[in-house]
Amino acid sequence: EGSRFKIKFVQEFDATRKEHYFKIRQSEMDFKNQSEVGLIEYLTREGPSLGDRRARELVQAFGTEVIDTLAFKPELVIAKRKEGHFDGLTEERLTQLTEWACAEKSVEKIKQMLYGLGLTPSLINKMIVHFGHQVVAIVKNDPFRFGEVDGIGFATTWKIAKAAGCPKEDPNRIKYGIMHTLLENEGKGHCCMDDKDLVHKSQLLLEVPQKLVEQYLKELIESQKLCSQETNVQSLSQFPDLFDIVE
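Since the model is a prediction, treat every value here as computed from it, not as a measurement.

**Notes on unusual backbone geometry**
Positioned with a positive phi, Ser 49 is a non-glycine residue whose angle comes to about 55°. When you line up the elements, Ser 49 lands in the loop between helix H1 (35-46) and helix H2 (51-62). One non-glycine residue with positive phi stands out, namely Glu 207, at about 55°. Inspection of the secondary structure assignment puts Glu 207 in the loop between helix H11 (195-206) and helix H12 (210-222).

The following block contains the structure:
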């Protein structure tokens, strides 16, 4: 809701399925046009004693400059209130809002954008603590890095990436999906995974062609982010820190 995208795509043919499909070549989210949506959510969730209705009224009155207005020009809010706007916004609440807005200025744009993607306050705070002001660049360039944050798994990172215009066949998505599948397997007590099983389960998760999963699994092994071991009957993949255990 409230998001716009710029998309470039081409039509290709899948010989296996014998059908044409559209493949996204480039996708870019227009963060500017969704800023008011995120700002309303941001104010509603974090503005002291504000609530959804009053947050919407403030954004309608001052647009994307509302945080600056609250922090540095509260007299404009007072003037609007005298005209009959912002019912229930007392002097005490306005003072609280002004103090809060001043304190929030350093992270305002980051939080505004993340709330616009539908994330919860706890997740947003974890991301900011972990990445600091790099968060905006990571959302736009490699949102799957959010998987580094404790409590953020594949579903959440894909939600963020998809909102930012990332296609299913993005190399970073496929690599992250493979590593997520291997990590899930490790969580069940296994220190390695048969390559065929890893490819199959990753493909089910990612919903992309098998050849792409095989291609990026090979790249992960070549870049030493994963290790591979050959046995008489199968090829096994694992994380490098578990290599000695299996060996």
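**Digging into the nonpolar core**
By size, the foremost hydrophobic cluster in this structure holds 41 residues, and its most contacted members are Leu 43, Val 66, Leu 114, Val 139 and Phe 146. Every element with two or more residues in this core is listed here: H1, H2, helix H3 (66-72), helix H5 (91-104), helix H6 (108-116), helix H7 (121-131), helix H8 (135-141) and helix H9 (154-163). For this core, the element with the highest residue contribution is H7, accounting for 5 residues.

**Re the packing of H11 against H12**
Orientation of H11 relative to H12, taken along the N-to-C sense of each, is 120°, at an axis distance of 9 Å. It follows that H11 is oblique to H12 by the angle criterion. The handedness of the crossing between H11 and H12 is right-handed. Where H11 approaches H12, its residues Asp 195, Leu 198, Val 199, Ser 202, Gln 203 and Leu 206 are matched on the opposing element by Gln 210, Val 213, Glu 214 and Leu 217. Class assignment for the residues of the contact of H11 with H12 results in 5 nonpolar, 3 polar and 2 charged.

**Remarks on the packing of aromatic side chains**
Summed over all chains, the structure comprises 6 aromatic pairs. Taking the centre distance of 6.2 Å and the plane angle of 35° together, the rings of Phe 62 and Phe 86 count as tilted. With Phe 62 in helix H2 and Phe 86 in the loop between helix H4 (74-82) and H5, the pair connects residues that are 24 residues apart, well separated along the chain. With 5.8 Å between their ring centres and 35° between their planes, Phe 144 and Tyr 176 make a pair best called tilted.

**Points about the pattern of salt bridges**
By the definition in use, this model includes 10 salt bridges. For Lys 111, the salt bridge identified is with Glu 104, shortest N-O distance 3.4 Å. Through salt bridges with shared partners, one network takes in Glu 46, Glu 104 and Lys 111.

**Details of the packing of helix H10 (residues 171-187) against H12**
At a minimum axis distance of 9 Å, the contact between H10 and H12 shows a crossing angle of 75°. It follows that H10 is roughly perpendicular to H12 by the angle criterion. Packed against H10, whose contacting residues are Pro 171, Ile 174, Lys 175, Ile 178 and Met 179, the element H12 presents Leu 212, Val 213, Tyr 216, Leu 217, Glu 219 and Leu 220 at the interface. Partitioning the contact of H10 with H12 into residue classes produces 9 nonpolar, no polar and 2 charged.

**A closer look at the confidence of the model for the chain**
On average, residues of the chain score 80 in pLDDT, and 79% of them are at 70 or above. Taken together, the stretch residues 24-33 has pLDDT below 50 and engages in 33 contacts with residues farther than four places along the chain or on a different chain. With pLDDT under 50 throughout, residues 242-247 is counted as low confidence; its partners more than four residues away or in other chains account for 10 contacts.

**Brief notes about the side chain of Ser 202**
Relative to the helices and strands, Ser 202 is located in helix H11. Overall, Ser 202 belongs to the buried group, its relative accessible area being 0%. Reaching out from Ser 202, the side chain makes a polar contact with the side chain of Thr 181 at a distance of 3.3 Å. Beyond its immediate sequence surroundings of up to four residues, Ser 202 is in contact with Gly 177, Ile 178, Thr 181 and Val 213.

**Here's the deal with H6**
Side chains three or four residues apart in an α-helix point the same way, a direct result of the helix having 3.6 residues per turn. Among the 9 residues that make up H6, 8 are buried, leaving the element largely enclosed by the rest of the structure. Turning to H6, its buried residues number three or more, namely Glu 108, Ile 110, Lys 111, Gln 112, Met 113, Leu 114, Tyr 115 and Gly 116. In this structure, the buried side of H6 is in contact with H1, H3, H5, H7 and H8. With its phi angle positive at about 85°, Gly 118 sits one or two positions after the end of H6.

Reading guide: rules and limits
Residue indices begin from 1 for each chain and proceed along its sequence in written order. At least 70 in pLDDT is required for a residue's local features to be given in this predicted model, at least 80 for side-chain atom pairs to be given and counted, and no such filter applies to totals for whole chains, interfaces and linings, which use all residues. Where side-chain values are given, they derive from all heavy atoms of the structure, hydrogens and water being excluded. Secondary structure is summarised from DSSP: a helix means a run of H or I of at least four residues, a strand means a run of E of at least two, and numbering begins at the N terminus for each. Buried Ala, Val, Leu, Ile, Met, Phe, Trp, Tyr and Cys residues that are joined via side-chain atoms within 4.5 Å together make up what is termed a nonpolar core. Partly exposed residues are those whose accessible area sits between 20% and 50% of the maximum for their type, while under 20% is buried and over 50% is exposed, using a 1.4 Å probe and protein chains only. Only C-alpha atoms enter the line fits that serve as axes; for helices the fit covers just the stretch in contact. Angles between N-to-C directions range over 0 to 180 degrees. Roughly parallel means an angle under 35 degrees; roughly antiparallel means over 145; roughly perpendicular covers 65 to 115; every other angle is labelled oblique. Handedness of a helix crossing follows the sense of rotation of the near helix relative to the far helix, less than a right angle counterclockwise being left-handed and clockwise being right-handed. Should any heavy atoms of two residues lie within 4.5 Å, those residues are considered in contact. The classification used treats Ala, Val, Leu, Ile, Met, Phe, Trp, Tyr, Cys and Pro as nonpolar, Asp, Glu, Lys and Arg as charged, and all other residues, Gly among them, as polar. A pair of aromatic rings is counted whenever rings of Phe, Tyr or Trp (Trp by its six-membered ring) have centres within 6.5 Å, and the orientation is called stacked for planes under 30 degrees apart, edge-to-face for over 60 and tilted otherwise. Criterion for a salt bridge: a side-chain nitrogen of Lys or Arg within 4 Å of a carboxyl oxygen of Asp or Glu. Residue-level confidence of the predictor, termed pLDDT, takes values from 0 up to 100. In protein, a polar contact means a hydrogen-donor-capable atom and an acceptor-capable atom, both N or O and within 3.5 Å, with residues adjacent in sequence counting only if both atoms are side-chain atoms; elsewhere, any N or O pair within 3.5 Å suffices.

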